[in-house]
Structures are given as structure tokens and as C-alpha cells.
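Analysis of the macromolecular model
Listed below are the residues making up each chain.
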Amino acid sequence: LQILAWGLRNMKNYQLAPVMSPSLIVECGGEMVESVVIKNLKKTPNFPSSVLFMKVLLPKEELYSPSLVIKVIDHRPFGRKPIVGQCTIDLLESFRCDPYTTKHDIAPQLKGLLSPNKRFLFCFFFKEEEIVDWWSKFYASIGEYEKCGQYIKKGYDTLKVYDCELEKVPEFNNLTDFCDTFKLYRGKSEESDDPSVVGEFKGSFKIYALPADPAVPAPPRQFRELPDSGPQECLVRIYIVRALQLQPQDNNGLCDPYIKISLSKKVIEDRDHYVPNTLNPIFGRMYELSCFLPQEKDLKISVYDYDALTRDEKVGETIIDLENRFLSRYGSHCGIPQQYWISGVNTWRDQLKPTQLLQNVARFKGYAPPVLSENGRKINYGGQDYTLEDAEANKILHQHLGPGEERLALHILRTQGLVPEHVETRTLYSTFQPNISQGKLQMWVDVFPKSLGPPGPPFNITPRKAKKYILRVIVWNTKDVLLDEKSITGEEMSDIYVKGWMPGNEENKQKTDVHYRSLDGEGNFNWRFVFPFDYLPAEQLCLVSKKEHFWSLDKTEFRIPPKLIIQIWDNDKFSLDDYLGFVELDLHKTIIPAKVPEKCNIDMIPEYKADGSQKAPRTASLFEQKSMKGWWPCYVEKDGSRILAGKVEMTLEVVNEKEAEERPAGKGRDEPNMNPKLDLPNRPDTSFLWFTNPCKTMKFIVWRRFKWLFIGLIILLILLLFAAVLLYSLP
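Residues numbered from 1 in each chain as written. Predicted model: local features only at pLDDT ≥ 70, side-chain atom pairs only at ≥ 80, totals over all residues. Heavy atoms only, no water.

Looking at an unreviewed UniProt entry, one finds the chain named MYOF protein, with Urocynchramus pylzowi as its source organism.

This paragraph deals with the UniProt feature "domain: C2" (unreviewed entry) in the chain. Taken from the UniProt record, the annotation "domain: C2" (unreviewed entry) applies to residues 1-104, 217-335 and 453-600. Between the first and last C-alpha atoms of residues 217-335 the distance is 41 Å; the span itself is 5% helix and 45% strand. (UniProt positions renumbered as here; feature names shortened; annotations may be inferred. Helix = DSSP H or I, 4+ residues; strand = E, 2+ residues; numbered from the N terminus.)

Our next topic: the side chain of glutamine 351. Following the sequence through the fold, glutamine 351 ends up in the loop between α2 (322-327) and α3 (354-364). Under the relative-accessibility criterion, glutamine 351 is labelled buried at 2%. Polar contacts involving the side chain of glutamine 351 include one to the main-chain carbonyl oxygen of proline 449, which spans 2.7 Å. (Buried < 20%, exposed > 50% of the residue type's maximum accessible area, 1.4 Å probe, protein only. Polar contact = N/O pair within 3.5 Å; in protein donor to acceptor, adjacent residues only side chain to side chain.)

Turning our attention to the UniProt feature "transmembrane region" (unreviewed entry) in the chain. Within this numbering scheme, the UniProt entry marks residues 708-730 as carrying the feature "transmembrane region" (unreviewed entry). In the segment residues 708-730, helix accounts for 96% and strand for 0%; the C-alpha atoms at its two ends are 33 Å apart.

Next up on the list: the packing of aromatic side chains. Throughout the structure, instances matching the rule amount to 32 aromatic pairs. Taken together, the ring pairs in this structure connect Trp134, Trp135, Phe138, Tyr139, Tyr239, Trp444 and Phe459 into an aromatic cluster. Just above the ring of tyrosine 635 sits the side chain of arginine 642; from NZ or CZ to the centre is 5.0 Å. (Phe/Tyr/Trp six-rings, centres within 6.5 Å; stacked < 30°, edge-to-face > 60°. Lys NZ or Arg CZ within 6 Å of the ring centre and 35° of its normal.)

In terms of burial, α3 is largely enclosed, as 9 of its 11 residues are buried. By the burial criterion, the buried members of α3 are Pro354, Thr355, Gln356, Leu357, Leu358, Asn360, Val361, Ala362 and Phe364. In this fold, the buried residues of α3 make contact with β17 (378-381) and α5 (404-413). (Contact = heavy atoms within 4.5 Å.)

This part covers the pairing of strand β26 (residues 523-536). Most of β26 is tucked away: 11 of the 14 residues are buried. The sheet contact formed by strand β21 (residues 467-479) and β26 spans 11 bridges and is antiparallel. Paired with leucine 471 across the bridge in β26 is phenylalanine 531. Bridge count between β26 and strand β27 (residues 541-546): 2 bridges; the pairing is antiparallel. Bridge pairing in β27 links leucine 536 to leucine 541. Hairpin connection of β26 to β27: 4 residues between the antiparallel strands, including glutamine 540 at a positive phi of 55 degrees. (Pairing = 2+ DSSP bridges.)

The structure is reproduced here in C-alpha cells:
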């Protein structure tokens, strides 16, 4: 039985005194072996000499194997040696091995054998104007392609998103390939004692059979070429991407979460960056800390609910063992990306180049060092030849890629079972409900030893910020609008006006002036709507922030598609206005308008059918085309069918903030009335409000309608007067 006694962690006080000078006793099958004493547990929690041996008679059948007992004793003054922690291992099968085939365990710290001055220098050659960021990579990796823009088409690499903790991924063996963590317990001497965990033992065991003949040489020993057991100063980068399905904490069934990070005595409380009113917050935060391993190995990440007046409540927490990630030969300290970038959003961030990492992996596995040839286009590794042409066959090459030998070395590394560049999904637990999930946290951690110099630049995972855009809508004319009313003289007419808004910004509804007394459904307006909105180009969504209730302290963010709703109304002075029809336009798939009103019909807008058999309309993106002008049909639903309610002539234009400053334009016909300048509409003389214009009412309504009646009455009156005078003057 070969024992790797690596160290002790998180030892609790015993009889009110701290554990200062512990040693380890291992018992199995009546045999016992004791380690050397750790002189000062706080300064050096690892054992000075780590490997112990013990010959013990074990049965061939696992069923009858004795238990393995680990005891920790503390060497105290006056010769006292109390047992301060104990662990019993019942099943030994997992520790059995064949000493002649097992590879030697060599921890990744051996990459420190490479000279630190050989580390990679990161150069940024230029800054590319493109809508590509880390979130494009993330959304491309989880299959939400509508949010990643041109990322996939450019041939950029993705990452692996695990739906569980990294240590629970089966192929990585719980990240305990170097050493396991065994929890130490303390027995109950009295009923009031707490039998909880009092510490941890870091170590491992190898069990193999010795030859029966003493003349045969003993098998090779395990646990050779161990890393330095002294403290290592490391730089830790914690990337918190987002949380999912958090437990509600507020009365509105939502939460105001923020992140709190604890590493030993270092605490980061990111209370200022809480995300209001959500159970699925996007944090996009990166925290950087320095620590000494193994003393500060437990990284605690907590999610709290922000409260302005009362104490903040903890939603849940998760704990990561940084030492296991640092010691694991799977390279879990920094995931291996798919491509070797020297610029752009995916710049290489490890301290060593892929060729240097490949040398270490070859050393771990007992291979000869990799041999480069043909100017780095060919590498012999593990007795096999790899070429750059084969590695990059059918792949899109782009300007961010680094030298060929590094790309080929990275291709080989990705075949060695190392941890890829990833995002892990960690479950949050609460101390009040230990076994019930309080939500999920998507994140990852990078650990870099400072002895190798500074690492590469960190990823920028800041949440996407919306850009300010302005939608300008000029309503020129309407035609064939439904005539909804009858005038006092019996004519069919409508007092037409047009209303418009963008969904999500209903408080910014705008409407034109009124074209009164339209007798043929035609209206003239020359009126401009101006709708500012916040837009995320990469996701092609509008970002709307508003308070859900008037008493809400914070605004809630919504992401909705950019759309425009145009409605035609009939104005009434003494009753509610009458709704005539509408058209809804998606700014990304805007229906191409008709050039003349005669070609504008209701068939331009396809009717939704459950079987999906409707004909796809001709559309274009207003963000790409910038401007459109023409006639769009408005319709209304009546008795389950659509009726054409009118046609509206408009100009649609989308401008960004800079273009809006260079080409200003006011609402309606207000100043600055430019780009283009809108003149007063050329309306007919019959367009007026009857009770505010009595003279026009007499001229255009009464006189025009009853002109001959008035003339006849006047002639009849004159004739009657003439007859009366005649009768009066007769003798």
C-alpha cells in the first residue's frame, strides 16, 4: 500500500485550541504507518515528505478487505497527542492498480521548468470594426444563432458549455487524478458534541501486489516526480456569465441579485452592480484575485438579493476547490481553446504557448519531446506525424490566427483529453435548504501561477450595451380609407388622422394632425414621427427599461423585436375616436412597399395560417437598407376576415445617434424642419372642422349642397313679394 500524504486543509479547533502540529496515521489490516509532523499548519499545510509505504496482507476478494483508517493527531505541549480528525475508507477497489502499466503522476506545475522569459508576448495588430464579442461566441456555443451575428460564418471558434460543475464531468475524473479529498470527522464523546466535518485530508492511495519470490525485484514505485509542496502564489480570474432560475426573494416573485466572492479573508461584494427584477440575470463580470495555494484553496461564490431598506438575503452559494484544479493533469487551470488567436476577442490567455504546453503533456505521458519540421507545418508527437494541412482541412482561416506551429500544436493538444475552453453550470445551494437547488450559475475560473509571469489579457464579458437609434417616419398621404361617418348633410366622410408607436415605448405614441371631412378616403399630412430606441445590433433586439409599477424602485429590462405599428383613426369631437385599421412592420423584415397606390393591396401582408402554407412576402431589413418609401396597406379584422381599411404613404428611415446629430429633424413640422423639409399639406378647401368655421360651413356644406334650393326659395320669395305688392296696389 503506497500512500500520497499531500496535506491537511481547513482543520477546526480541538478543545478550543487550534491544530498546529499534526501528523497522519494510516491503519489497515493490523498494520500502521505514521507521517512526519507538519511544524506549522498555517504556514505550510502540506507534509514535508509526501510518500509513505506499508506492507499489508490483503485478501484477494474485495468483499473481505479490511477498512483503511486515516487518523490525524496533533502534537501538543507536555506530550499530549489527541486525535483531532478521522476518516474510514471501506472500499479499496478503486485504489488498486498495476504498477507496471500505470503512468507516473506528474502535476502541471512542472510547466514551471520552462523558463518564464519564454512566455508569449501578446500583440494587437489592429482593431476590427465588427459586431463580434465574447457573447457572440457564447450564444453560438449554446445554439442561439440569432444572437451571434456573423460569428459562425467567419469561421470563429466556439466553447464548450457544460450543464453541470466541471468536477462532475465524467471524463475529468472529478479533477482528483492527482489527489483525492477525504473529509475528516470527530466522534461524539458526549451527546451534545457535533459530529460534523472537522477538516480535510488531501492525498491518494495505490494498492498493488508484491511478488511472492523475494528475489524478484519490487515493482516500480508510484507517485514519483511530485510537484513542489510549498505555497504557490497564483492569480485567479473568476468569470461570472449569468444565473438561471434563481429562487424568488421579493414579494413580486422576482429577485435583485448580485455577486459576492470570498477567498480566505479576501471578500468582493459587488453590491453596486445588482441586476433588478429578474430571476435570470446576465452579470457579465470578471473578478481578479491573488491567493496562495493551498492555504487559500476554497473559492466561495454567493448570490445575494439586494434590498434597499432591509438586510440582503443570500440566494445560494457554490464552493470551488482551486487546488484540485491547479494540481489536475487535465489542465483545468485554464481551458484549451479551439483556435490560437493573437488578436481579437479570443486572444490566447494562457502563460505558455501551445508548443510549450505540448512539451509538458509529452513529459507527463512519458513520450519523447515533440519534433517540429517543415517550418512548423509538421510535428511528430508520440510516434505519430501531424501536419497543418490535415489539421486545418475544410476550415475557414481568418486574420486573427497565430503562427502555424502553434496552431498545429493546439490541434494536437485538443486530442489529449485536456479540459477545453468552457463555461460550467454550477448549482447554488443554501445552508437553510442544503439539498434543494436555489438556481444555477454559469461561470468559469482561470488559475495562473505567478512564477510564470503575467498571463494573457482577460476576456471582456461585459454585457452588451444597447446603441441609440432613431426611427423617423414621415406620413405623406392616405388613400381609400374607410368612410366611417355621415355629415349633417348625409355625405359619407371621415376625419382622418394617423397614429404610430414602437412596441415597448407605448408612452411615446405620436399622431398626425387631422384631415377633416375626407369625402373619398384621401388624407394629406406631411407629418414626421420621431421614435428614439435602444438597440442591440448583435442580438437584433430592442432594449426597453421601464418600471413595472409606479412604486417600483428599479427599472426592469426587456428585450423585444424592433417593430412599428401604424394605425388609421377617425376623429370625433364629442365621442370616442373610431379605429379604422392598422399595419405592423418588423424593422428587420419590413414588407417592401408599393410604389403607387393602385398596386398596394392587402395581399402584400400574408394572412397567418395554422398549417404554415402562407406565401412569404417580399421583405428587406430597414437597418441594412436605411430608408424606404412607398404605400403600405392597413387592414381591420371583421367577422374573421381581413378588410382593407386604407393605404398609407410613408417614408421609413433608421439613423444612429451620430447620423441624427449630423442630419437633425423635428417632430411633426416643428423645427428643425429639415431632412427633408415638410411643407403644409395641400388639402382641399372642404377640409375643416364645421363648428369652428361657420363661414366655410355655409359656403362648402350648406351652399354647395342646397344651392338650388336656396335660389328657388329666393325666387319664390321674390315672386310672393311681387304678388303681395300687386294685390295691395289694386284699386
